[in-house]
Structures are given as structure tokens and as C-alpha cells.
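# Overview (structure and organization)
So the chains spell out like this:
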Amino acid sequence: MTGRLGLTYALLGAAALAVAVLSLAVGAVRVPPGVIINTLFGLDGPTQDFIINASRVPRTLLSALTGASLALSGAIIQAILRNPLASPKIIGINSGAALAVLLAAIAVPDLPLGWQPLIAIAGGIAAVSIVYAMAEFRPISPARLALIGIAVGFTCDAGVDFILVTADTYDISAPMIWMTGSLWGRGWQHLEAVWPFLTVLIALGLALAFRLDLIRLGAAQATSLGMNVRIERLVMLAVATLLAAISVSVVGVLGFVGLIAPHIARALVGGASRQLLPASLLIGAVLVMLADAAGRAILPPIEVSAGVLTALFGAPFFIYLLLNRPSHGDE
Amino acid sequence: MRSSLFGLIAAMALAVTTVHAAEIEHELGVTDVPDNPERIVVLEFSFIDALASVGVAPVGIADDERRERVISAYTDVIGDEWVSVGTRRSPSLEVIASLQPDLIIADLSRHGEAYETLSQIAPTIVLDSLAGDYHDSVEQMSVVGAAIGKSEEMDARVAEHRALMEDYVAQIRPLSEGKSAQFGVTNANGLWLHSPASYNGSLLEMFGFSSTMRPDGDGGVYETNYVPTTLEQLSEVNPDILIFGEYADPSFVDGWAGETLYDALGAVQSDRVFNVTAHNWSRLRGMLAAELTAADLLEIMGQLE
């Protein structure tokens, strides 16, 4: 079994590496491999400094990092809610972030552009806080948390739709692209702004993996095993929320990754969180890197949003897995 | 002593070389643009208008991958050698970089977010084309003129434009007196009226037309430039003259023919509904575009007689 797991991880790692190389190699402009190598390693000969060093490298790193974060967030949320349908979206993060960004765009059109990510993070956290506060009224149950999350999400979505149909196209033209989930125009400055936080949160999420396995047994079981379910659940929810909100703030609403990456991982390595989390992370990174690379390459010079393509690549594979899995519960 | 003298000379030499760059003030700051940039990439149609008006051809255009969107009035001047850099909404930064531009002209609402990244490719100036009105658009011409080192030519062209427009105003105003006119674009799915705050709204106002659209915000401001409008809302606006730009055939508005509410519109009753080229009126937003619009309007007024 360990051997098989090792092989799976080796394959996942190889896939991530291969997709990263692909992401550096493809785009609207064809750059010969020799030029890419010259540019990357500072060798003599023709180079393409902006395209490789200022665009493809940071975009590849950023898509890997945010894909990993969103997938990890989804895996944690699915465990906390004990629900395979759960994802960052289900507890209101995406909708809260989108509403906050659009509200800011129409209320303060002159707001400096650097504020948008902070507003998105604040919106995501605010939505989850509302969800959590309401779910806490009575002894918390995963189902109630999810249902309240959906309700709050729909309320935010109503606000988003209202703004989309009433606001000026020019006030919301930048937020619109962001809402589809896109790495267009992203560079080192975006990566620098998020990597320290996301790396720490990823480490924290992985460290908490075995506690998640206790939570998945159910609150009563976990308590009897000496766990303070309420506190630990809150901590894990906070980690998952921050992972998703920070990712969404910089690359937009890549909604589907958080749902499907953990499922793909589950089919490959099984349901134990200490396996599921690292595998989800790698799969999330692969999915978003692949989507971003394809988005740059399939219709040049038109850029197709990564958010569109994660669903396009992920969904069929997701369905395939569901159809081919023995139907004994959710694990 | 000697070394500080060297330093002084070096500093002066440096000052001489940097003096060539023009400091251009734009929406997002001040950019040093090299003298007489030759490889220019533009990311909105009104910037093509600006370049064409002084006979400069861009190397790259965000033309939405539809070259026909750059109208013949422009291609007559700039030729058709440009490289498409993708959509105006999210142009390909790789393609822009591959053109090795020495100046990029971007739009505030569409590309403001990418200003920093664009600036890594080439000196970038950001102007407010999408959200601006006609008067803003003419002012931006001078900024572009200064950025491309053709201030004098641009000033002359702007003066010529203003004179031409005054001429149109003199011809149209007597005919437009006391009349309201409304422009809107219609595709297969809807109608969008262009409010007095929009490019076309401000043009119609200049030609002496009043507007029957009511401000929707506090203090009599129009909250949006482009207002989605139903037949019922249109019958409330009910202007004397209706001008439609159709992006689809048949358009959404065509489907209203025969409806009681539509037939009761003042403009329909008095046969004052006109069709113009939607693309020219609605998307171009430049100086030449304004002249085309004015010529269309004059023709429309001729048909009223």
C-alpha cells in the first residue's frame, strides 16, 4: 500500500513539474525552447525577458500556489462539514469577496487599484464570519453550517447580480474579469504579496491534517477522544477561509478547484486527511497551472480566463471519477 | 576634486540624455516617454483615432481580433500592417511584449489594473477612454500628441477639428432647436440608451438637442452612461428623434414594430427614427469618430426638412 501511495505521489509530482514546464513553454507568442532556457538561466544568446521572466514564470508560480491553496481549503472544508459537496464557495467565501469588490468598485470608483485584493479578503472573511456566527447560535452542526453558508452565499450573489445589471460597464469591467478567475496581467508583485501568507497557511493546514481525521468521525466521537471540537473546528475553518480568500483576492473566483481537487485526490490516495490534503494540494496546483497555460495558448492573442478552463478540464474528469467509483459512502 | 568634476560632467551628460524623454502626465501618474516613439501599441479604438489624426501607425492594436473593427477612415492612414494584440478587455501581454513597443496607450477602466505590468514592457500612459465623454476624448488627443512627440501637428489637427465641429454646430443648431434626440444601441437582446453623460450624449447636447432622459442619481447626475431600456421605459423617455445603432439584424428594437407602445412613440408617429452605424457611433469615441457622427446627424436633420 505504501509503495502504491509513493508511486501516486511521484506521479503527481511529475505531473505538476510537467505542467509547470508546459506553462513556461506555451503562450500567445511562440518562444523557442533555446530562448526560454537562455532567458531562465541568464545564458548568452537571444532572450525574451518580459514574456518569460516577468510574465510566464510569476504566472506559473502564482497559479500553482493559488491552485494548491484553493484545493487544500476545499479539502479542509469538506472534512469539517463532513460533506462531499462542500467547497470554499459553500461557506460564502467567493460570493462575499465578489460582493465586496463590486460594492467597492461602484461606491468608490477612484479607489486605488491596490485595494481590491484587501477588499476581497475582507469580504470573504466577513461572509464566513456571518455564517459561523449564525451557525453558532445553537450547538454547531456541519449541516447547519453548510446550509447557512449557502443562504448567505445566495444573498451575496443577489447583490452581485444587482450590481452587474445596474452598474456602468466601465466601473465593473476590471472586477468582471477578476470574477471569472483570471491570471491576466499578474506578475511578481502579486506573487510577492501573497506567497508568505499562503505558504504559512498551507503548512498550517497540512499540520492539522490528522486532527481533521478526528473531526470527520463526528463531534461526539472526537470529543470522547479528547478533542475540543469547537475550538479546533474554528481554527481549521479560519485556515481554510484565509487560504481561499487570499487566493481569490489575487486570481479571482476560481470556484471549481476547491470542489473537485479533493475528489480527484480521494480517488487516488483514499480518504485519510494526511494523504488527502497533500494530494489535493498537488492536484489543485496542476489544474490551475494547466488552465492558465491553456487559456494563454488556445486562442492567441485572446486570453481565456483560467476560471472557465478549470471547470472545462476538471468537470469531465470529476464526472468520470464519480462514475467509476464504488458507491460505498462518501469516502 | 578631480573625481567630483568627473561626477559633475557625468551628471550633466546624463541630464542631457534624459532631457529627450517627455514627461507625460496621465490618469495613473507621470511617465517618461522616449523621444518620438515609433513602436506604439494602443488598447482602445479612440487611441487609433488619435494616432491616425496625425498620420502615425500603431504596431499593435487591441482590435478584439476583428480587424474590420478598425474602420477604413483609419486604415486609409495607418495601413493594415498592425498586429492584433487580442481583446480590449484582456489584451495579450505576451504579444504586446513581442512587438517591443516604446509606448503603450491603455484605458483606465479596462487596463488600470495592469498598469504596473504594462510599464514593465514599455512606457505606458493611461487615459480614460471608455468612461469619458466627447470633451474628455478631445482633451486626450493632446496628451497622445505630446506623448508621441507630435504636439504641434496634433494641436493643429485639434484646432481643425474644433473648427469643423463649430461649422457642423452652426448648421445643425438652428434645426435642433427645441428638439430632443436620443441615441441608443440595440443588439439581438436589448436596447441601451446612451445618457447625456456618455460620449454620444455629450455630442448631441453640443449640437443643441435636449435630452428627455431623467437623471437617476442624487443631484441630477446620471449614474450610468449606458442604460438598459425596455419598451415601457423608452415610451417614458419618448424623445422627438430616435437614433438607433444596430449591432444585430433583426435587432431587439426591430421586434417592437407593430407594438402599440412603440407605434405611439412621438418619433415613430412623426417618422423620425433613424439608423446609424452602431460601431462608429458607439465604440470609436475619437475625433474622427465625432466628425463622422456629426456628418450623420447633419444628414438626419436634412431628412427632417
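Residues numbered from 1 in each chain as written. Chains lettered and ligands numbered in written order. Predicted model: local features only at pLDDT ≥ 70, side-chain atom pairs only at ≥ 80, totals over all residues. Heavy atoms only, no water.

### Observations concerning the overall build of chain A
Looking only at helices and strands, one finds 14 helices and 0 strands in chain A. For chain A, the α and β elements follow one another from N to C terminus as α-α-α-α-α-α-α-α-α-α-α-α-α-α. Since a compact globule built from 331 residues should have a radius of gyration of about 20 Å, the 20 Å found for chain A is in line with a globular shape. Structurally, chain A occupies a C-alpha span of about 65 × 55 × 35 Å along its principal axes. Buried positions account for 54% of the 331 residues belonging to chain A. Of the contacts made within chain A by residues no fewer than 6 positions apart, 75% connect residues no fewer than 24 positions apart. Here chain A contributes 17 positively and 15 negatively charged side chains, and the mean placements of these two sets differ by 13 Å. (Helix = DSSP H or I, 4+ residues; strand = E, 2+ residues; numbered from the N terminus. Rg over C-alpha atoms; globule rule 2.2 N^0.38 Å. Buried < 20%, exposed > 50% of the residue type's maximum accessible area, 1.4 Å probe, protein only. Contact = heavy atoms within 4.5 Å. Lys, Arg positive; Asp, Glu negative; His and termini not counted. Charge placed at Lys NZ, Arg CZ, Asp CG, Glu CD.)

### A word on the overall build of chain B
Summing up its helical and strand segments, chain B has 14 helices and 12 strands in all. Taken over the C-alpha atoms alone, chain B extends approximately 90 × 45 × 40 Å along its principal axes. When burial is assessed residue by residue, chain B has 52% of its 305 residues classed as buried. Here chain B displays about 13,400 Å² of accessible surface, and carbon together with sulfur accounts for 49% of that area. (Areas by Shrake-Rupley, 256 points an atom, 1.4 Å probe, with all protein chains shown as cover.)

### What to know about the domain arrangement of chain B
Residues and elements named next belong to chain B. For chain B, the domain assignment lists domain 1 (16–149) and domain 2 (175–304). Centre-to-centre separation of domain 1 and domain 2, based on C-alpha positions: 29 Å. Contacts between the two partners involve 19 residues from domain 1, matched on the other side by 19 residues from domain 2. Summing the contributions of domain 1 and of domain 2, the shared interface buries around 1,600 Å²; its carbon and sulfur component is 61%. Our enumeration of links across domain 1 and domain 2 arrives at 1 salt bridge. For arginine 285, the salt bridge identified is with glutamate 44, shortest N-O distance 3.2 Å. (Domains from an automatic or database assignment. Buried area = accessible area lost by both parts, 1.4 Å probe. Salt bridge = Lys/Arg side-chain N within 4 Å of Asp/Glu carboxyl O.)

### Remarks on the confidence of the model for chain B
Residues and elements named next belong to chain B. Per-residue pLDDT for chain B averages 87, and the proportion of residues at 70 or more is 90%. This stretch, residues 12–19, has a pLDDT under 50; its non-local contacts, to residues over four places away or in other chains, come to 0 contacts. The complex model carries a pTM of 0.82, and its ipTM stands at 0.77. (pLDDT = per-residue confidence, 0-100.)

### Some details on the packing of aromatic side chains
Residues and elements named next belong to chain B. On inspection of all chains with the given rule, the structure shows 4 aromatic pairs over all chains. Put simply, the rings of Phe252, Trp256 and Tyr262 pair up and form one aromatic cluster. Across from the ring centre of tryptophan 82, 4.2 Å away, lies the NZ or CZ of arginine 67, which sits over that ring. (Phe/Tyr/Trp six-rings, centres within 6.5 Å; stacked < 30°, edge-to-face > 60°. Lys NZ or Arg CZ within 6 Å of the ring centre and 35° of its normal.)

### A look at the interface of chain B and chain A
On the side of chain A, 30 residues touch chain B, which itself brings 32 residues to the contact. Surface buried jointly by chain B and chain A totals about 2,600 Å² across both partners, of which 61% is contributed by carbon and sulfur atoms. Ionic pairing is found between A:Arg186 and B:Glu113, a salt bridge with its closest N-O pair at 3.4 Å. In this structure, the connection of chain B to chain A is made through 7 residue pairs in polar contact (both at pLDDT 80 or more). (Polar contact = N/O pair within 3.5 Å; in protein donor to acceptor, adjacent residues only side chain to side chain.)

### Some thoughts on the side chain of B:Thr117
In this fold, B:Thr117 is placed in helix 6 (residues 115–121). A relative accessible area of 1% means that B:Thr117 is categorised as buried. When near neighbours in sequence (up to four residues on either side) are disregarded, B:Thr117 contacts A:Phe50, A:Gly185, A:Gln189 and B:Leu93.

### Here we look at the sheet that holds strand 5 (residues 83–84) of chain B
All names here are of chain B. Pairing is parallel across the open sheet formed by 5 strands, whose spatial order is 5-4-3-6-7. Every interior strand has two partners, whereas the edge strands, strand 5 and strand 7 (124–127), have only one. In the sheet, strand 4 (residues 60–61) pairs with strand 5 via 2 bridges, with the strands oriented parallel. Across the sheet, the residue bridging to glycine 60 is valine 83, located in strand 5. Contacts from helix 7 (residues 134–147) reach strand 6 (103–107) and strand 7, with the element oriented near 175 degrees to strand 7. (Pairing = 2+ DSSP bridges. Axes fitted to C-alpha atoms, helices over the stretch in contact; angles between N-to-C directions.)

### Some points on the side chain of A:Ser95
Residue and element names in this part refer to chain A. Note on placement: serine 95 falls in helix 4 (residues 93–107). Residue classification places serine 95 among the buried residues on the basis of a relative accessible area of 2%. Within the structure, serine 95 has its side chain in polar contact with the side chain of lysine 89 (distance 3.3 Å).

### Points about the packing of helix 5 (residues 115–135) of chain A against helix 11 (residues 229–251) of chain A
Residue and element names in this part refer to chain A. For the pair helix 5 and helix 11, interaxial distance at closest approach is 9 Å and the crossing angle is 150 degrees. Here helix 5 is positioned roughly antiparallel relative to helix 11, judged by the angle of their axes. Here helix 5 runs over helix 11; the crossing is right-handed. Packed against helix 5, whose contacting residues are Pro117, Ala120, Ile121, Gly124, Ile125, Val128 and Tyr132, the element helix 11 presents Arg230, Leu234, Leu237, Thr241, Leu242, Ala245, Ile246 and Ser249 at the interface. (Parallel < 35°, antiparallel > 145°, perpendicular 65-115°, else oblique. Left-handed = near helix turned anticlockwise from the far one by under 90°.)

### Points about helix 4 of chain A
For an α-helix the count is 3.6 residues per turn, leaving residues at separations of three or four pointing the same way. Residues and elements named next belong to chain A. Counted at 1.5 Å a residue, the expected span for helix 4 with its 15 residues is 21 Å, and the 21 Å between its end C-alpha atoms agrees. Within helix 4, 12 of the 15 residues are buried, leaving the element largely enclosed by the surrounding structure. Taken together, the buried positions of helix 4 are occupied by Ile93, Asn94, Ser95, Gly96, Ala97, Ala98, Leu99, Ala100, Val101, Leu102, Ala104 and Ala105. (Expected span 1.5 Å × (residues − 1).)

### Details of the environment of A:Pro139
Residue and element names in this part refer to chain A. Counting through the fold element by element, proline 139 comes out in the loop between helix 5 and helix 6 (142–166). Here proline 139 falls in the exposed class, since its relative accessible area comes to 72%. Along the sequence, proline 139 and alanine 293 sit 154 residues apart, while their C-alpha atoms lie 45 Å from each other.

### Here's the deal with the pattern of salt bridges
With the rule as written, the count across this model stands at 16 salt bridges over all chains. Measuring nitrogen to oxygen at the nearest pair gives 3.8 Å for the salt bridge that ties B:Glu153 to B:Lys150. Of the residues examined, B:Glu153 reaches a relative accessible area of 40% and is grouped as partly exposed. Note that B:Glu291 is salt-bridged to B:Arg157, the shortest N-O span being 3.1 Å. Taken together, the residues span a long stretch of sequence, with B:Glu291 in helix 14 (residues 287–304) and B:Arg157 in helix 8 (residues 151–176) at a distance of 134 residues. What makes B:Glu291 buried here is its relative accessible area of 12%. Classification of B:Arg157 by relative accessible area gives buried; the value is 11%. Residues participating in the shared-partner salt-bridge network are A:Arg56, A:Arg59, A:Asp292, A:Arg296, A:Glu303 and B:Glu94.

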